[in-house]
Amino acid sequence: MSERDAGKIALEEHFYLPSFETYGADGSALDGASKAHNYDQKYFATVQQRLADVNSWIEDMDRGGIERMVLSLTQPGIQGIPDRKIAVDTAKRMNDELAQMVTANPKRFSGFAAVPLQDVRAAGDELERTVSQLGFKGVLINGYTNIGDANTAQYLDEAPVWDFWARVEALGVPVYLHPRPPLPNQRRVYEGYPVLVDSPWGFAAETAIHTLRLMLSGLFDRFPRLQIILGHMGEGLPFLLPRVESRLRHMTAAVRGKQQKPVTSYLRENFYVTTAGHFRSQPLLDTLLEIGAERLLFSVDYPYETVQEQVEWFDSLAISETDRRRIARENALELLRLSSAATKSPATMKSPVTTQSSTAAK
Ligand code: ZN
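Residues numbered from 1 in each chain as written. Predicted model: local features only at pLDDT ≥ 70, side-chain atom pairs only at ≥ 80, totals over all residues. Heavy atoms only, no water.

Re the sheet that holds strand β8 (residues 296–297)
Piece 1. If you walk across this open sheet you meet the eight strands as β1-β2-β3-β4-β5-β6-β7-β8, and the pairing is parallel. In this open sheet, the two strands that pair with only one neighbour each are β1 (8–15) and β8.
Piece 2. Examined bridge by bridge, strand β4 (residues 138–142) and strand β5 (residues 175–178) share four bridges and lie parallel to one another. Counterpart to Asn142 in the pairing with β5 is His178. (Pairing = 2+ DSSP bridges. Helix = DSSP H or I, 4+ residues; strand = E, 2+ residues; numbered from the N terminus.)

Observations concerning the packing of aromatic side chains
Piece 1. Enumeration over the complete set of coordinates arrives at 13 aromatic pairs.
Piece 2. Here Tyr144 and Tyr155 contribute two aromatic rings whose centre-to-centre distance is 5.5 Å and whose plane-to-plane angle is 50°, an arrangement assigned as tilted. With Tyr144 in the loop between β4 and α5 (162–171) and Tyr155 in the loop between β4 and α5, this pair connects stretches of sequence that are eleven residues apart. By the burial criterion, Tyr144 is buried, and Tyr155 matches it. (Phe/Tyr/Trp six-rings, centres within 6.5 Å; stacked < 30°, edge-to-face > 60°. Buried < 20%, exposed > 50% of the residue type's maximum accessible area, 1.4 Å probe, protein only.)

A word on the coordination of the zinc ion
Note on metal sites: the ideal angle is 109.5 degrees for four tetrahedral donors, and 90 or 180 degrees for six octahedral donors.
Piece 1. Looking at the zinc ion, one finds its protein donor set to be Glu12 (OE), His14 (NE2), His178 (NE2) and Asp301 (OD), positioned 2.0 to 2.4 Å from the metal centre.
Piece 2. Considered as a linear motif, the donors of the zinc ion on their single chain read E-x1-H-x163-H-x122-D. In this pair, His14 sits in strand β1 while His178 sits in strand β5, placing the two residues 164 residues apart along the sequence. Across this residue pair, the class does not change: His14 and His178 are buried. (Donors = N, O, S within 2.8 Å, 3.2 Å for Na, K, Ca; no water.)

What to know about the confidence of the model for the protein
Piece 1. The share of residues in the protein with pLDDT of 70 or more is 88%, and the mean pLDDT across the chain is 90.
Piece 2. Confidence drops under a pLDDT of 50 for residues 1–5, and excluding neighbours within four residues, the segment shows eleven contacts in the predicted structure.
Piece 3. The model gives residues 354–362 a pLDDT under 50, and that stretch makes 16 contacts with residues more than four places away or in other chains. (pLDDT = per-residue confidence, 0-100. Contact = heavy atoms within 4.5 Å.)

Things to note about the pattern of salt bridges
Piece 1. Scanning all chains against the criterion turns up 19 salt bridges.
Piece 2. Where Arg129 meets Asp96, a salt bridge forms, and the shortest distance between an N and an O atom there is 3.0 Å. Residue Arg129 is found in helix α4 (residues 120–132), and its partner Asp96 is found in helix α3 (residues 84–104); the two are separated by 33 residues along the sequence.
Piece 3. A salt bridge links Arg213 to Glu158; its shortest N-O distance comes to 3.0 Å. Within this pair, whereas Arg213 is found in helix α6 (residues 202–216), its partner Glu158 is found in the loop between β4 and α5, the two being separated by 55 residues in sequence. (Salt bridge = Lys/Arg side-chain N within 4 Å of Asp/Glu carboxyl O.)

Things to note about the pairing of strand β2 (residues 66–73)
Piece 1. Among the eight residues in β2, eight count as buried, and that is most of the element.
Piece 2. Here β2 runs beside strand β3 (residues 109–113); their pairing, made up of three bridges, is parallel. Each bridged residue has a counterpart across the sheet, and for Leu71 the counterpart in β3 is Gly111.
Piece 3. In the classification by handedness, the crossover that spans β2, the intervening α3 and the parallel β3 is right-handed. (Right-handed = clockwise from strand over helix to strand, strands pointing away.)

Focus: the environment of Ala113
Piece 1. Inspection of the secondary structure assignment puts Ala113 in strand β3.
Piece 2. Look at Ala113 and you get buried, because its relative accessible area is 1%.
Piece 3. Considering only alpha carbons, one finds Ala113 and Lys92, 21 residues apart in sequence, at a separation of 9.1 Å.
Piece 4. Among residues more than four places away in sequence, those in contact with Ala113 are Asn95, Leu127, Thr130, Phe136, Gly138, Val139 and Leu140.

Next up, the structure:
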C-alpha cells in the first residue's frame, strides 16, 4: 500500500476556472482578484496560479500525507451571481468542468457541487445530478445568495430554501457552509478597516450568524438528518455557542427562536467542524471537548493556506492517535461515503516531512 492510500482527506480546498467568466452585481469579477490590492503580491500570485491548476497540488499533497482533496469553486462562486439564468447555467458548467478534473485524477480528488440557489428548484435538480451522475460528495454553499442585486440576500434558513433542504436530506449528502463577506450595505462597523471585512474577521462573523439563523429557524427539527460542515474551526461557534444558549434561556418564547432543543445540541448532532485555515491547538481542544473527535475533520483551505503549515501543526498535535486518525481520515470516509480499504494503516497517515512530537501543544 502506498503512502497516499492511507492518507489524510481534506474538504475545504478551492479552485477557480477562467471559464467562470462572470461578474457580481457591482461589476466586479467573482474570482477574488478584486481583492488583490489587499494582499502581498507574491502570496496572491501563488494563490492565483494554484487556484487555476489543481494538478500542481499533487506534490504538496504527497509531501503532507494528503491522499484526497474535495474540490470546490472559490467564494463567492455561484452565490454571487445576481441573475437567475446565468447562475443556473454557470453552476452546471462549473460542475461539469469540476467533474472532468475529478475524473482525470479520481484517486486524489473528489468534488463538492456548486448550486444556483437563485432558483431553488434548479439548485435541487443540480445537486441531484451532480451526486447521482457525477459522483460528487455533497455541496459547498458560499453563504447567502444574491438575487437581483449585490445588496439582496437569500439566507439558507428562509422559506424558499426549505424545499432544497428536503432534497439535501433525502440525498443524504453534507453541505459545507463556506464564508463570504457580509452584504455591501451592512458594513458600517468595518468602515476605516476594510481588511477586516474578508477572511481575517468578516468571514467568521457572517458565517457564525448565518449558522445561528439555521439553528433558530427550526430547520434541524424539521430535517434532523441534515449534516452541515463548518470550516475555520467552526467559525468561533464551539467557543461562543454556550453563551448564546445560556442567554436564550432568559428570553421570551416569542423571540427565543423556533428550535426545539438547546442550540449546542445541534452543533453536536447536525454539524461537523474542519481545521481549514486554523492551526492552533487551544481552539481545537475546545472544539474536541464540545463536539467530540467524531465530528472534527482535517482540512487545509488550500491554496489560501499551505499544506505544510497545516500538516506540521496537525501531525504534532497532542491528541490520541485514535482521534488523529478519526479527524484526518475516518470521519471523512464515513461522511462522504468514500471507500475505506486503506483505513487500517494509520502509520502511513502522518506527513513524511515532519517529525512526530506528541507532547507540545502549539
Ligand atoms: Zn475556504
